[in-house]
Amino acid sequence: MTTLMTEPSSNQDHEPSALEAARREKMKRLVDLGIDPWGQRFDDRTLIGDIRARAGEVVYQVDGKDIPLPDFDNAPEDFNFRQWKADQGEGEMIGPKFRAAGRIMLQRGQGKMKFINIRDLTGDIQLMIGKKQVGDDWAVVEQLDLGDIIGVEGDLGRTNTGELSIFAERIYFLTKSIETPPDKHSGLQDAELRQRQRYLDLIHTDGMLPRFLDRTKIVRSIRETLNAQQFVEVEGPTLHSIAGGAAARPFQTHHNALDIELTLRIALELHLKRLMVGGIERVYELGRVYRNEGIDQTHNPEFTMLEVYQAYGDYRSMMDLTEACICNAILAMREGPGGRGQAAGNEPYLLDWAGKQIDFTPPFQRATYDELFREHAGVDPSDEAAISELAKSLHIDTAGRHPDVIKNDVFEEKVEDALIGPIFVMDYPSSICPLTKRKRDNPAIAERFELFVHGMELANAYTELNDPDLQEELFKTQLAGLDEEESMAKMDHDFIRALRYGMPPAGGLGIGIDRLVMLLTDTQSIRDVILFPLLRPEKS
């Protein structure tokens with residue numbers, strides 16, 4: 001948690017009304033000075049990350065000669081910058097002039113000198129503010145509180161301790177914070193409070209803002225990877241009359257004007273395939289889907305999915321595309337202000353997650369479903385009786401259920417958690433993959449893969465089924481053991497009609513963006529990579 005706060009929390013023990021009154025009194029003084037406490041336009045500012053990147057332009061000038069400053073990043077702990085300057089002779093610090101803006105995170109100093117740390121989305125920087133240097137703006141400085149947003153203009157330099165700072169010449173008041181920030185010691189400890197008041201979480205929880213900026217970089221990189229391969233991004237409907245494309249329980253709603261029952265979409269698939277029939281040969285959507293299911297570390301009722309379809313490809317084409325999307329996203333996180341930088345040892349695809357290291361260096365490992373079943377379950381994948389006995393020992397219900405459904409339950413119980421990865425699990429039983437093309441030499445096997453990393457399913461891909469008669473037959477067949485309301489086997493007559501007009505052979509891919517962000521940002525809860533996860537209504 002952050003340790004920058006120096007004011008007490010606005011809770012009942014600290015009389016929040018008194019604290020708010022003090023802040024409002026300062027706001028009144030600003031108004032009396034002719035200052036708008038809610039600010040005005042502030043042009044030509046430079047992001048703090050970009051300012052810090054130009055620290056090397058600061059020099060110490062002696063008798064008109066520029067002397068480069070020491071390497072502060074690698075200086076010994078006992079390095080004395082004040083003494084270093086004295087050794088060079090009497091001179092002055094010269095640096096570029098900047099305008100910056102940010103929220104006040106720390107205030108210290110008294111009398112005629114104040115040190116203030118401000119933060120924007122790219123980082124923090126110290127302001128050195130002298131009464132003499134800012135003149136009439138000092139009256140504004142005296143009204144500042146933690147959490148206020150200010151602008152500053154001044155030269156970049158180093159203090160006597162070597163701290164990179166902006167030496168202020170002008171101060172611009174931009175926004176008053178009426179609420180008092182969290183206490184520096186207790187901070188934001190409650191997970192639900194952090195999720196409910198995400199704005200405070202972004203300000204005061206270390207690493208939270210960079211994590212969500214990384215999410216943006218990941219999503220942008222995926223779009224760039226797909227666009228570079230001539231995929232077309234579209235927006236499909238979120239209200240469906242038939243919940244299809246996945247096995248999930250939908251959210252139900254009612255449209256008043258048409259007087260019809262609708263569901264929020266549980267997948268993007270069937271409408272994207274319609275577009276392939278229509279001639280959009282490479283198509284994708286990055287969008288929200290909704291499933292009326294449980295909430296845990298890796299599940300949230302609404303989440304972001306990427307679905308991609310490539311005409312004239314297959315599931316192996318999708319493996320290559322998956323690797324490209326993920327590896328490019330990792331590189332994108334290392335770029336720009338606030339980026340992670342180059343990995344140690346010049347290995348850009350190594351990432352830490354949950355105390356472990358994941359090596360995303362392509363190509364990813366590939367193994368078949370049955371190979372992994374045999375290895376980790378210890379049972380012949382073709383021996384239905386042995387699998388049933390193992391399932392019973394794992395307290396998995398077997399009565400009246402399809403053997404492949406039982407087998408897959410065992411796979412989830414015994415195999416998935418053992419997968420380190422990244423690993424493509426290939427060639428699933430065809431009976432549990434009704435939207436997937438079968439292998440030509442073995443109809444019992446579907447050309448499908450799932451990508452696993454440390455036991456977490458990250459991506460799912462198929463060689464897509466484009467035979468309308470077989471697809472219709474599979475939609476009519478309800479596998480034993482699948483709950484009717486959760487089954488994907490529901491008839492979508494228009495989709496079958498579209499297939500009859502001819503959908504080219506294709507590969508299809510789905511990636512859970514939230515889980516991908518979890519893995520790439522070392523986050524253990526999906527609720528910490530979704531800005532506003534679903535919560536119970538706040539009690540009044």
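Attention here is on the structure that accompanies the text. (Residues numbered from 1 in each chain as written. Predicted model: local features only at pLDDT ≥ 70, side-chain atom pairs only at ≥ 80, totals over all residues. Heavy atoms only, no water.)

Here Leu264 lies in strand 12 (residues 260-264). Judged by relative accessible area, Leu264 falls into the partly exposed class, the value being 24%. Between the alpha carbons of Leu264 and Arg288 there is a distance of 9.8 Å; along the sequence they are 24 residues apart. Apart from residues lying up to four places away in sequence, Leu264 is in contact with Thr238, Leu239, Pro250, Phe251 and Tyr290. (Helix = DSSP H or I, 4+ residues; strand = E, 2+ residues; numbered from the N terminus. Buried < 20%, exposed > 50% of the residue type's maximum accessible area, 1.4 Å probe, protein only. Contact = heavy atoms within 4.5 Å.)

Read from one edge of the open sheet, three strands run 10-12-11, paired in antiparallel fashion. For this open sheet the edge positions go to strand 10 (239-240) and strand 11 (252-255), each flanked by a neighbour on one side alone. As defined by bridge partners, strand 10 adjoins strand 12 across two bridges and the pair is classed as antiparallel. Looking at the pairing, Leu239 lines up with Leu264 of strand 12. (Pairing = 2+ DSSP bridges.)

The strands that make up a sheet are held in pairs by hydrogen bonds between backbone atoms, and each pair lies either parallel or antiparallel. With mixed pairing, the five strands of this closed barrel are ordered in space as 4-5-6-8-7. The sheet shows a mean angle of 55 degrees between the axes of neighbouring strands, taken without regard to direction. Pairing analysis gives three bridges linking strand 6 (residues 123-130) to strand 8 (residues 164-175), with the strands arranged parallel. Across the sheet, residue Met128 finds its bridge partner in strand 8, namely Phe167. (Axes fitted to C-alpha atoms, helices over the stretch in contact; angles between N-to-C directions.)

Okay, the pattern of salt bridges next. Applying the stated criterion across every chain yields a total of 36 salt bridges. The closest approach of N and O atoms between Glu450 and Arg448, which form a salt bridge, is 2.4 Å. What makes Glu450 buried here is its relative accessible area of 6%. Residue classification places Arg448 among the buried positions, given a relative accessible area of 8%. (Salt bridge = Lys/Arg side-chain N within 4 Å of Asp/Glu carboxyl O.)

Mapped onto the elements, Ser165 comes out in strand 8. For Ser165, a relative accessible area of 0% translates into the label buried. Separated by 2.8 Å, the side chains of Ser165 and Gln126 make a polar contact. Here Glu163 takes part through its backbone oxygen, which lies 3.1 Å from a polar atom of the side chain of Ser165. Discounting chain neighbours no more than four positions away, the residues touching Ser165 are Gln126, Asp155, Leu156, Gly157 and Thr159. (Polar contact = N/O pair within 3.5 Å; in protein donor to acceptor, adjacent residues only side chain to side chain.)

The next subject is the packing of aromatic side chains. Per the counting criterion, the structure on display carries eleven aromatic pairs. Geometrically, the ring pair formed by Phe72 and Phe79 is edge-to-face, given 6.1 Å between the ring centres and 80 degrees between the ring planes. Site record: aromatic cluster; members linked through ring pairs are Tyr60, Phe72, Phe79, Phe81 and Trp84. For the cation-ring pair, Arg99 lies above Tyr172, with the distance from its terminal atom to the ring centre recorded as 5.2 Å. (Phe/Tyr/Trp six-rings, centres within 6.5 Å; stacked < 30°, edge-to-face > 60°. Lys NZ or Arg CZ within 6 Å of the ring centre and 35° of its normal.)

This brings us to the nonpolar core. Soluble globular proteins tend to pack their nonpolar side chains together in the buried interior. By size, the foremost hydrophobic cluster in this structure holds 45 residues, and its most contacted members are Leu226, Leu306, Phe360, Phe449, Leu509 and Leu520. Ranked by the residues each element gives to this core, the list is headed by helix 10 (residues 315-333), at ten residues. Look past the residues within four positions of Leu226 in its chain and what remains in contact with it is Phe231, Tyr284, Leu306, Val308, Leu321 and Cys325. Counting 34 residues, the second largest nonpolar core, distinct from the first, contains Ile116, Leu144, Leu156 and Phe173. (Core = buried A, V, L, I, M, F, W, Y, C linked by side-chain atoms within 4.5 Å.)

Enumeration according to the criterion identifies two cavities of 30 Å³ or more in this entry. By volume, the largest cavity amounts to about 50 Å³. In terms of lining residues, the largest cavity is bounded by His240, Ile242, Gly244, Ala267, Leu268, Glu269, Leu270, His271, Arg274 and Asp492. The element that contributes the greatest number of residues to the lining of the largest cavity is helix 9 (residues 269-277), accounting for four residues. When its residues are assigned to classes, the lining of the largest cavity shows four nonpolar, three polar and three charged. Counted as a void, the second largest cavity has a volume near 30 Å³. (1 Å grid on protein atoms, 1.4 Å probe; cavity = no way out; pocket = protein on both sides within 12 Å on 5 of 7 lines; lining within 4 Å. Points joined across faces, edges and corners; volume = space filled by probe spheres on them. Nonpolar A, V, L, I, M, F, W, Y, C, P; charged D, E, K, R; others polar.)

We now examine the pairing of strand 1 (residues 59-62). As paired strands, strand 1 and strand 3 (residues 92-94) are joined by three bridges and run antiparallel to one another. Counterpart to Tyr60 in the pairing with strand 3 is Met93. Relative to strand 2 (residues 65-68), strand 1 runs antiparallel, the two being bridged by four bridges. Paired with Val62 across the strands is Lys65, a residue of strand 2. If you look at the hairpin formed by strand 1 and strand 2, you'll find two residues sitting between the two strands, and Asp63 has a positive phi there, around 50 degrees.

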